[in-house]
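Each chain is listed here by its residues.
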Amino acid sequence: RSPAYTSLSPRPFFSLSIQNTPVFWNIGSKPPPEEGERRRHRRSGGGKGEAGEAGGMGGTSLEQRERVAQLASDPRVINAIQNKLKGLVNKSSGYIESLPPEVQARITALKKIQEGRNKVHDQYLKELRELEMKYEALSQPFYDQRAEIVNGKREPTTEELGDEQLPPAVSVKGVPEFWLSTMKNLDLLADTITEKDEEVLKLLTDIRCVTLEGGKGFCLEFYFDENPFFTNNVIKKTYHMSSEDDDVLERAEGTKIDWKPGKNLTVKLLKKKQRGKGSKHTRTVTKEEPCDSFFNFFYPPEVPDDDAELDDDEHEALQDMMEADYDIGFTLKSKVIPEAIDWFTGEAILSDDDEDEGEDEDEDEDDDDDDDDDDEDDDDEDDDEDQGPSRKDRGSGGRGHAPRGGTTTGGAGDKGECKQQ
């Protein structure tokens, strides 16, 4: 909405009818008066004072205002207002239509120019996806070699060993607990892994990432040896991104895990004793309750249908859960898989910490610079107040002092208000 909308258009009203009672609600107006204020209004005999004008309905009677206050707490009224709001979506505020014809013509031309730029950006995204997929394919042979050594399917070649030498007697196969140790070195992932999870994650043999067709998302594949917890050899987590914008997550899907009886790590079994009605005999009932586990990662938040109505708190909670889920998926894709050995050895931790410290130092320096600038400005203002404007300032309108008959424009340190012309 244009900044000038509020100055060119009156404050919008909602008008609707509930049980044949017309209701007009002024957006942005004061809420209906509280009960105590209404009682004071009755004693004072009404009128159009502050109490009488509360709620933007100064010309209505007290009974009408009380009726509106009652309707405002009625779920049917709230639902009607929500439906009215939906009807306003994508409707013009009238600002553009109110502009002079020549300005509207220029706006049409600017839209045409924007369309040309958008085509270039779309081509950029297409080529970027193709480039990512090309180098993803070139990386696969290196991931295959890594998996072979980690899982003990072959020993490193002389070229891969470099100056290192394998001992003549080999007692350990591959690199035990490679992926578990790698993930535990990232705080974001370590916080999700429980002791029970570790028992099965020790048997994790590989993690791969596959870009979806057209580059519209990615799929994480977790490969497991045979284990006592589930029958799946591969568990997948897929992120579907918007076709219009690669940065917008549409939904996430996880493979159904086929847990063996009593081995589901995402729930805990609680036994409770229950007594039957009218009986002294008790029975033991087993109930399942959700519990913390890394494998909750494969049960992502469900995105409701478009018709589903969520209040602000529910919408915000869903948004937070989806962002947290995507953070884990993106960390696996961008850090764990391509740099697994560096996270396993801990070298990536040091590098990551150094980057964080560098960013913190830059922020601290910026804050210090801002503080210094503020101190200098304060000193300058003090000097100006004591000494008055200098000869140069009086002649040319220097910083902080406007020449007679004019205004200061863009001088250093000037923080003048920016107004809509």
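Above this note sits the structure.
Residues numbered from 1 in each chain as written. Predicted model: local features only at pLDDT ≥ 70, side-chain atom pairs only at ≥ 80, totals over all residues. Heavy atoms only, no water.

A.B. asks: Honestly, the overall build of the protein chain in this entry has me stumped. Any pointers?
C.D. replies: Summing up its helical and strand segments, the protein chain has 15 helices and eight strands in all. The long-range fraction of contacts in the protein chain, counting pairs at least 24 apart against all pairs at least 6 apart in sequence, stands at 51%. Of the roughly 30000 Å² that the protein chain leaves accessible, carbon and sulfur atoms contribute 48%. (Helix = DSSP H or I, 4+ residues; strand = E, 2+ residues; numbered from the N terminus. Contact = heavy atoms within 4.5 Å. Areas by Shrake-Rupley, 256 points an atom, 1.4 Å probe, with all protein chains shown as cover.)

A.B. asks: In this structure, what is going on with helix α7 (residues 101–150)? I would like to understand it.
C.D. replies: Along an α-helix, residues three or four apart share an orientation, since each turn contains 3.6 residues. Between the first and last C-alpha of α7 there are 70 Å, a value that for 50 residues agrees with the 74 Å anticipated at 1.5 Å per step. Of all the bends found along α7, the most pronounced is centred on Ser-139 and spans about 30°, while Pro-141, a proline, follows it within four residues. Buried residues along α7 sit in contact with α9 (178–184), β3 (204–211) and α13 (340–345). Positive backbone phi, at 70°, marks Gly-152, one or two positions downstream of α7. (Expected span 1.5 Å × (residues − 1). Bend = angle between axes of the 7 residues up to and from the residue.)

A.B. asks: Help me understand the layout of surface pockets, please; the structure alone is not making it clear to me.
C.D. replies: One water molecule sets the probe size; rolling that probe over the atoms shows where empty space is left. Its boundaries defined by the atoms lining it, the largest pocket holds a volume of some 790 Å³. Surrounding the largest pocket, 33 residues form its lining, Phe-218, Met-241, Tyr-326, Phe-330 and Lys-333 being those nearest its centre. Within the lining of the largest pocket, the residues separate by chemical class into 16 nonpolar, eight polar and nine charged. (1 Å grid on protein atoms, 1.4 Å probe; cavity = no way out; pocket = protein on both sides within 12 Å on 5 of 7 lines; lining within 4 Å. Points joined across faces, edges and corners; volume = space filled by probe spheres on them. Nonpolar A, V, L, I, M, F, W, Y, C, P; charged D, E, K, R; others polar.)

A.B. asks: Explanation requested: the sheet that holds β3 in the structure shown.
C.D. replies: Taken together, the four strands give an open sheet; going across it, the order is β3-β4-β5-β6, and neighbouring strands pair in antiparallel fashion. The open sheet has two edge strands, β3 and β6 (249–254), and neither has a second partner. Within the sheet, the average angular offset between the axes of one strand and its neighbour, ignoring direction, is 10°. Where β3 meets strand β4 (residues 217–224), seven bridges bridge the pair, whose relative direction is antiparallel. Counted as the bridge partner of Asp-206 is Tyr-223 from β4. Sheet strands in contact with helix α12 (residues 312–336) are β3, β4, β5 (234–241) and β6, and its direction is about 70° off that of β4. (Pairing = 2+ DSSP bridges. Axes fitted to C-alpha atoms, helices over the stretch in contact; angles between N-to-C directions.)

A.B. asks: Can you help me understand the nonpolar core in this one?
C.D. replies: Where a protein is soluble and globular, its nonpolar side chains tend to be buried together. Of all hydrophobic cores here, the largest spans 37 residues; its most connected members are Leu-201, Phe-222 and Phe-295. At the level of elements, α7, α9, α11 (195–201), β3, β4, β5, α12 and α13 are the ones that each hand at least two residues to this core. With near-sequence residues (within four places) excluded, Phe-222 lies in contact with Leu-204, Asp-206, Ile-207, Asn-233, Val-234, Ile-235, Phe-294, Phe-297, Phe-298 and Leu-332. (Core = buried A, V, L, I, M, F, W, Y, C linked by side-chain atoms within 4.5 Å. Buried < 20%, exposed > 50% of the residue type's maximum accessible area, 1.4 Å probe, protein only.)

A.B. asks: Please explain the environment of Phe-298 as it appears in this structure.
C.D. replies: Take Phe-298: it is sitting in the loop between β8 (282–290) and α12. Remark: the alpha-carbon pair of Phe-298 and Gly-254, spanning 44 residues in sequence, is separated by 4.5 Å. Leave out the neighbours within four places in its chain, and Phe-298 touches Phe-222, Ile-235, Lys-236, Lys-237, Gly-254, Thr-255 and Ile-257.

A.B. asks: Honestly, the packing of aromatic side chains in this entry has me stumped. Any pointers?
C.D. replies: Within a pair of aromatic rings, the relevant descriptors are the distance that separates the centres and the angle that separates the planes. Enumeration according to the criterion identifies 19 aromatic pairs in this entry. When the centroid spacing of 6.2 Å and the interplanar angle of 85° are considered together, the rings of Phe-294 and Phe-298 count as edge-to-face. For the pair shown, Phe-294 and Phe-298 are each scored as buried. Counting every residue linked through ring pairs, the aromatic cluster contains Phe-222, Phe-224, Phe-230, Trp-259, Phe-294, Phe-295, Phe-297 and Phe-298. One residue, Lys-237, lies across the ring of Phe-297, its end atom 3.5 Å from the ring centre. Here the basic side chain of Lys-333 rests over the ring of Phe-218, its NZ or CZ set 5.5 Å away from the ring centre. (Phe/Tyr/Trp six-rings, centres within 6.5 Å; stacked < 30°, edge-to-face > 60°. Lys NZ or Arg CZ within 6 Å of the ring centre and 35° of its normal.)

A.B. asks: Just checking my understanding: could you explain the side chain of Arg-146 for this structure?
C.D. replies: Locating Arg-146 in the fold gives a position in helix α7. Buried charged residue Arg-146 carries no salt bridge. Nearest counter-charge: Asp-206, at 4.7 Å. The contact partners of Arg-146, leaving out residues within four places of it in the chain, are Trp-179, Ile-207, Ile-337, Pro-338 and Ala-340. (Lys, Arg positive; Asp, Glu negative; His and termini not counted. Salt bridge = Lys/Arg side-chain N within 4 Å of Asp/Glu carboxyl O.)

A.B. asks: I'm lost on empty space enclosed by the protein in this one. Help?
C.D. replies: Tallied over the entire structure, the rule returns one cavity of 30 Å³ or more. Size it by volume and the largest cavity reaches roughly 30 Å³. Taken together, Leu-249, Arg-251, Ala-252, Pro-300, Pro-301, Met-322 and Asp-325 make up the lining of the largest cavity. Contributions of two or more residues to the lining of the largest cavity are made by β6 and α12. Looking at the lining of the largest cavity element by element, the count peaks at three residues for β6. For the lining of the largest cavity, a count of residues per class yields five nonpolar, no polar and two charged.

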